[in-house]
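Below, each chain spelled out in residue letters.
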Amino acid sequence: IMSERTPLLHYRLVSSVNESEQPSPPATEPSEQKLSVFFGVVIPTLLSMFSVVVFLRIGFVVGHAGLYQTFLMFIVAYFIISMTVLSVCAISTNGALDAGGAYYMISRALGPEFGGSIGLMFFLANVCGSALFVLGLVEAILSTFGVPEATALQVLPSGYWWSLLYATAIALLCLFVCLIGAHIYAKATFIIFLVVIFVLLTVFISFFIVKPTVVTLPGSVVNMSGFPTTANFTGFKLETLWGNQWGGYTLDYTTGNMMTFASVFAVMFNGCTGIMAGSNMSGDLKNPSYSIPRGTITAVIFTFITYNLLSVLVACSCDRVLLQRDYSFLGDINVWHPFVIIGVYSSTLSAAMSNLIGASRILYALAKDDLFGKVFSVAKRTSRGGNPWLSVLISWFLVQLVLFSGKLNTIASIVTIFFLLVYAAVDLACLALEWASAPNFRPTFRYFTWHTCALGIIGCVVMMFLINVIYASASIAFMLLLLLLIHYLSPTSSWGYISQALIFHQVRKYLLMLDVRKDHIKFWRPQILLMVSNPRSTVGLITFINDIKKSGLYVLGHVQLGDLSTLPSDPLQSQYDSWLSLVDHLNIKAFVNLTLADSVRHGVQHLLFISGLGGMRPNTLVLGFYDDCLPRDKLIDPTLTSSESPNPFNPSQDLEEPPLFHFASLRGSSDGQDYGEFGNGKALGPQEYVAIISDAMKMLKSVVLARYFNDFERAQVTSPPSSTSGKVFVDVWPVNLLRPDSSSYVDTCSLFLLQLACILNMVRDWRKAKLRLFLCVEEGRSVRGSEEKLGQLLKELRIKAKVQTVPWDQVVALHWQHEDTAGAVEEENEEDYVNSFPSNATRVSDDYMSAVNRLILDQAQPPPAVRFLYLPRPPADTRRYAAYLRQLELLTQDLGPTLLIHGITPVITTDL
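Conventions adopted
- Residues numbered from 1 in each chain as written.
- Predicted model: local features only at pLDDT ≥ 70, side-chain atom pairs only at ≥ 80, totals over all residues.
- Heavy atoms only, no water.
- UniProt positions renumbered as here; feature names shortened; annotations may be inferred.
- Helix = DSSP H or I, 4+ residues; strand = E, 2+ residues; numbered from the N terminus.
- Buried < 20%, exposed > 50% of the residue type's maximum accessible area, 1.4 Å probe, protein only.
- Areas by Shrake-Rupley, 256 points an atom, 1.4 Å probe, with all protein chains shown as cover.
- Core = buried A, V, L, I, M, F, W, Y, C linked by side-chain atoms within 4.5 Å.
- Contact = heavy atoms within 4.5 Å.
- Phe/Tyr/Trp six-rings, centres within 6.5 Å; stacked < 30°, edge-to-face > 60°.
- Lys NZ or Arg CZ within 6 Å of the ring centre and 35° of its normal.
- Patch = residues over 30% accessible without salt bridge, like charges linked within 9 Å, V, L, I, M, F, W, Y side chains within 5 Å.
- Salt bridge = Lys/Arg side-chain N within 4 Å of Asp/Glu carboxyl O.
- 1 Å grid on protein atoms, 1.4 Å probe; cavity = no way out; pocket = protein on both sides within 12 Å on 5 of 7 lines; lining within 4 Å.
- Points joined across faces, edges and corners; volume = space filled by probe spheres on them.
- Pairing = 2+ DSSP bridges.
- Axes fitted to C-alpha atoms, helices over the stretch in contact; angles between N-to-C directions.
- Parallel < 35°, antiparallel > 145°, perpendicular 65-115°, else oblique.
- Left-handed = near helix turned anticlockwise from the far one by under 90°.
- Nonpolar A, V, L, I, M, F, W, Y, C, P; charged D, E, K, R; others polar.
- Lys, Arg positive; Asp, Glu negative; His and termini not counted.
- Charge placed at Lys NZ, Arg CZ, Asp CG, Glu CD.
- Polar contact = N/O pair within 3.5 Å; in protein donor to acceptor, adjacent residues only side chain to side chain.
- pLDDT = per-residue confidence, 0-100.
- Disulfide = S-S within 2.5 Å.
- Expected span 1.5 Å × (residues − 1).

As named in an unreviewed UniProt entry, the protein chain is Solute carrier family 12 member 9, taken from Nothobranchius furzeri. The UniProt entry for the protein chain carries this comment under Subcellular location (unreviewed entry): "Membrane". UniProt's Sequence similarities (unreviewed entry) comment on the protein chain is quoted here verbatim: "Belongs to the SLC12A transporter family."

Chemist: Any details on the overall build of the protein chain? Residues and values, ideally.
Modeler: Helix and strand counts for the protein chain stand at 29 helices and twelve strands. Across the 912 residues in the protein chain, those meeting the buried criterion constitute 56%. Looking at the protein chain as shown, the accessible area adds up to about 39,700 Å², and 60% of this sits on carbon and sulfur atoms.

Chemist: Would you mind going over the nonpolar core in detail, with residue names and values included?
Modeler: Counting residues in each nonpolar core, the largest one holds 159 residues, and the members touching the most others are Phe207, Cys318 and Leu403. With 19 residues, helix H4 (residues 58-92) is the single largest residue contributor to this core. Excluding residues that lie within four positions of it along the chain, Leu403 makes contacts with Ala131, Val134, Leu135, Leu164, Ala167, Thr168 and Ala171. Residues Tyr554, Val583, Val622 and Cys758 belong to the second largest nonpolar core, which totals 64 residues.

Chemist: Can you explain the packing of aromatic side chains? Please cite residues and give values.
Modeler: Here the structure, examined in full by the defined rule, presents 25 aromatic pairs. An angle of 15 degrees between the planes, with centres 5.4 Å apart, marks the rings of Phe74 and Tyr307 as stacked. Separated by 233 residues along the polypeptide, Phe74 in helix H4 and Tyr307 in helix H11 (residues 288-317) bring together distant segments of the chain. In terms of burial, Phe74 and Tyr307 fall into one category: buried. Look at Phe441 and Phe448: their rings are 6.1 Å apart centre to centre, the planes differ by 75 degrees, and that puts the pair in the edge-to-face class. Grouping residues by exposure puts Phe441 and Phe448 together as buried. Counting every residue linked through ring pairs, the aromatic cluster contains Phe38, Phe39, Phe190 and Phe193. Sitting over the ring of Tyr510, Lys509 keeps its end group 5.3 Å from the ring centre.

Chemist: Give a description of a nonpolar patch on the surface that names residues and reports values.
Modeler: Judged by side-chain polarity, Leu201, Ile205, Phe208, Ile209, Phe236, Val335, Trp336 and Ile342 come together as a nonpolar surface patch covering roughly 800 Å² of accessible area. Ranked by the residues each element gives to the nonpolar patch, the list is headed by helix H8 (residues 182-209), at four residues. Taking the relative accessible area as the measure of exposure, Leu201 reaches 49% and is therefore partly exposed.

Chemist: Lay out the layout of surface pockets in plain terms, naming residues and giving numbers.
Modeler: By volume, the second largest pocket is sized at about 1,300 Å³. Along its surface, the second largest pocket is lined by 44 residues, and Arg525, Gln527, Lys549, Gly552 and Leu553 are the ones closest to its centre. For the lining of the second largest pocket, the secondary-structure elements that each account for two or more residues are helix H19 (539-547), helix H21 (600-610) and helix H24 (748-762). At three residues, H19 tops the list of elements feeding residues into the lining of the second largest pocket.

Chemist: So what's going on with the environment of Leu165? Which residues, and what values?
Modeler: One can find Leu165 in helix H7 (residues 160-180). Separated by 238 residues in the primary sequence, Leu165 and Leu403 have C-alpha atoms spaced 9.8 Å apart.

Chemist: Run through the sheet that holds strand E4 (residues 554-561), naming residues and quoting values.
Modeler: Think of a sheet as strands paired side by side through backbone hydrogen bonds, with each pair either parallel or antiparallel. As summarised here, the arrangement of the ten strands in space is E5-E4-E3-E6-E7-E12-E11-E8-E9-E10, forming an open sheet in which the pairing is mixed. The sheet terminates laterally at strand E5 (591-597) and strand E10 (802-807), the two strands that pair on one side only. Between one strand axis and the next, the sheet turns by 25 degrees as a mean value, whatever way the strands run. Bridge count between strand E11 (residues 866-870) and strand E12 (residues 898-902): four bridges; the pairing is parallel. Paired with Leu869 across the bridge in E12 is Leu900. The strands that helix H20 (residues 576-586) touches are E4 and E5; relative to E5, the one it contacts most, it runs at about 150 degrees. Sheet strands touched by helix H29 (residues 881-891): strand E7 (702-707), E11 and E12. Its angle to E7, the strand with the most contacts, is close to 55 degrees.

Chemist: Describe the packing of H21 against helix H22 (residues 686-698), and please don't skip the residues or the numbers.
Modeler: Helix-helix packing is characterised by the crossing angle of the two axes and by the distance between the axes. At a closest axis distance of 9 Å, the pairing of H21 and H22 adopts a crossing angle of 20 degrees. Taken together, the axes of H21 and H22 lie roughly parallel to each other. The handedness of the crossing between H21 and H22 comes out as right-handed. Here H21 contributes Val600, Arg601, Val604, Gln605 and Leu608 to the contact with H22, which in turn contributes Glu688, Ala691, Ile692, Asp695 and Ala696. For the contact of H21 with H22, the class distribution of residues is six nonpolar, one polar and three charged.

Chemist: Account for unusual backbone geometry, naming residues and giving values.
Modeler: Non-glycine residue Lys550 carries a positive phi angle of around 50 degrees. Unusually for a residue other than glycine, Asn587 sits at a positive phi of about 55 degrees. By secondary structure assignment, the location of Asn587 is in the loop between H20 and E5. Classification of Asn587 as exposed rests on a relative accessible area of 66%.

Chemist: Any chance you could break down a positive patch on the surface for me, citing the residues and the numbers?
Modeler: Together, Arg525, Lys550, Arg764 and Arg767 make up a positively charged patch on the protein surface. By the element assignment, Arg764 lies in the loop between H24 and strand E9 (769-777). We classify Arg764 as exposed; its relative accessible area is 67%.

Chemist: Report on the pairing of E9, specifying residues and quantitative values.
Modeler: Within E9, eight of the nine residues are buried, which leaves it mostly tucked inside the rest of the structure. Pairing between strand E8 (residues 728-733) and E9: five bridges, direction parallel. Residue Asp731 lies in a different strand from E9, and its bridge partner there is Arg772.

Chemist: For the pairing of E11, give the residues involved together with the corresponding values.
Modeler: Most of E11 sits inside the fold, with five of its five residues counted as buried. The side-chain alternation of E11 yields two buried faces, one formed by Val866, Phe868 and Tyr870 and the other by Arg867 and Leu869. The sheet contact formed by E8 and E11 spans four bridges and is parallel. Counterpart to Val730 in the pairing with E11 is Val866.

Chemist: Can you tell me about the environment of Asp598, naming the residues and giving the values?
Modeler: Relative to the elements of secondary structure, Asp598 occurs in the loop between E5 and H21. In this structure Asp598 comes out as exposed when scored by relative accessible area, which is 59%. In this structure the C-alpha to C-alpha distance between Asp598 and Gln560, which are 38 residues apart in sequence, comes to 8.3 Å. With residues near it in sequence (within four places) discarded, Asp598 still touches Leu561 and Gly562. A polar contact of 2.8 Å, which involves the side chain of Asp598, links it to the side chain of His602.

Chemist: Any details on the confidence of the model for the protein chain? Residues and values, ideally.
Modeler: The pLDDT averaged across the protein chain works out to 79; a share of 80% of its residues lies at or above 70. Note that residues 637-659 has pLDDT below 50 and, in this model, 24 contacts with residues that lie over four places away or in other chains. For residues 668-677, every residue scores under 50 in pLDDT, and the model assigns this stretch 24 contacts once sequence neighbours within four places are set aside.

Chemist: Tell me about the state of the cysteines, and please be specific about residues and values.
Modeler: With the rule as written, the count across this model stands at zero disulfides. Between Cys316, a free cysteine, and Cys318, which holds the nearest cysteine sulfur, the sulfur-to-sulfur gap is 9.7 Å. Residue classification places Cys316 among the buried residues on the basis of a relative accessible area of 12%.

Chemist: Could you give an account of the pattern of salt bridges, with specific residues and numbers?
Modeler: What the rule picks out here adds up to nine salt bridges. A salt bridge links Arg601 to Asp695; the shortest N-O distance between them is 2.6 Å. Linking Arg601 in helix H21 with Asp695 in helix H22, this pair joins segments that are 94 residues apart in sequence. Using a relative accessible area of 30% as the deciding quantity, one classes Arg601 as partly exposed. Three or more residues are tied together by salt bridges with common partners; here these are Asp547, Arg714 and Asp765.

Chemist: Explain helix H2 (residues 37-50) to me, using residue names and the numbers behind them.
Modeler: A rise of 1.5 Å per residue sets the reference length of H2, with its 14 residues, at 20 Å; its end C-alpha atoms lie 18 Å apart and thus fit the reference within 8%. The buried fraction of H2 amounts to twelve of the 14 residues, a majority that puts the element mostly inside the structure. Turning to H2, its buried residues are Val37, Gly40, Val41, Val42, Ile43, Pro44, Thr45, Leu46, Leu47, Ser48, Met49 and Phe50.

This is the structure in structure tokens:
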């Protein structure tokens, strides 16, 4: 019967999938919920790790590597898998586990992207693994009963179609068992376990009771003339042990390839996998947190001792030629030759069934989680007893498709790499949970650290590339592709994202390191608080301010009027989703901060005091301008105009109203409750508006007032039509136009204007814009000297701008005429109060402001995309706030998008 041996190559391939995943059956089967440590974890893990390796691969490893290197290989291999076992034990003892095994652990720890991509690869690996074991069983049967030249009778015909028929019959047998239910397989597992253990005992006993004999070597698939045709089983001899101590790598008689340490180690490592078979039984265990650590570790230790003990017995009793030329020699030296055949058949059939049922349970878990939408939705169906029969049928159908390929040499390596990716992902999940320092991660199994997780990841990745560099790279690329696909197309899950915990951990650490006492002007950047009443009318301003933040802090602030003591709950909590959806919709990098106050002024004070954290706090306040322009709704519901097809991965997404549009309607509508954009609503008067500006300056915050951004379209402004020569201009007026007697261009506020204009010009979409800097001059003064002085300043500041001189003698004359006619009595009455508070505003007439406005308009050829103007301080006398606001309104009348800017602190330097 054993005169013709099945080549090791096949078993090396088919046994590369030793992941006999024992999935959890549905919770509706009460008989499956009471498995103990031994029956639920130890037996499945032992069968997965032994498989056919213990019978057909030990001699291959010892014959080529020698006893010492064999010990080294087992130590390294078990060190790698032990690191993963520690991670599995840690995650399994950190809460209740559901069906799905490794997929469930990874998805709930790393999120749907990693879980879905690894889960799909895990499913495919189990499908291919089941097919590989079926083909392995077919070849094992044909090697015994279907070889014409064998001494035994040929009772089975051979050939491709006959082999396919036998494989289909075995696959149907596995399908029948899986369709009945997992409880049938659970009962069969114990019987198979007893058979394998009994055969293993006969192997150990045979070394002691079988007398020395000569074994006829099998034929080779390559020409190996000159090699002996027989080899010796010597029994225990010191000479035999001495000859097998050191490595003796030679050609593999089944393939003709030269063996090396790496190739032998890769083959041997396949027999050490299967460590997750017990953890995947979590749904069937009495106490998973107790059973998984103890059962898995017990199985790993038992197999380690068995492999090493068997290696010693082989090295002491078998000639090296026998080990290198006959990989199934254990049957020849057994007390009864068919025992080993029975062991091979049993272990292979068990592995084929367990991979099929494992694939079906993984598919069922993927379908339940809706990560792929309608693609896997049919796999959710179950029988009355809870068995996912349709998942079993789909898995069996895919196994049958793989069987048509015949011998799957290349797929075998890919399957092994897929399993290693799963192990690495489990280690990564445990590492991420440990690094995140989440309070809820407190597993009862504490014999692990982040070092063991990292070593497990490194070991799995190294083994992947040791097996096959190309397949390992392709598998990682495939995983990343699936990850991106799920990230962009799958619905948001409620499992929690470990990335958020890791980001929080790192951000907190770096915020503590961001010391405000070490701030320097060289590294200043705008950190902006933009006050928004209703985003429906401020989309243009929100997107524009996003361009001038220069990687700084950007906060959208909103004040809702109300008194919490009179309300049943906080009304702001339900609004955050809408604001965050707005941030996503506009594709800006901003935070949202909402507050409840009795007035807008107090609300802005709250936000200026509390927004930000540590060294990241707003230093610039941006307000919409106070005018009577009617706001326009710039948020249009895309579901009313979109013609795109529904998202197949999230069909419910198209039926729900996005929270983006849950903002109040604009003023002028039927409800009339919204106070509109800052400065133009019922809830905010001119006096309070200017008071907000004054409060911000008292708090040493720079202030920016934005006007005419209601219709601002960033795409149109930065890409003008060819009819306008295609040029974009940004105008800067760095002089206080409300103080004609002050013509300084180098004060703090002027330099702040230049800095913001320069920042805007550094943004990618604004790089083609040309800065125009306007220099106001009077007759009798050196125009060339002023222009050269300003040009030199720009050169030192590394700002590229075109300086244009603007004569404004007539405008200044209007101012002095008004000063001459001003009432001396009024000045005398207010002198004490005015001098009690610093202000750079002065009294000017409406005619003067209109003249300045016309002057600015006359210089706008062609008109700029945006203007930067100097914002003076509000007057010290609060009674003049309305006049101050009137002056600003006249100054910016019909100028288009305009920013009135007042800088408080130095923001620019010429130092290196």
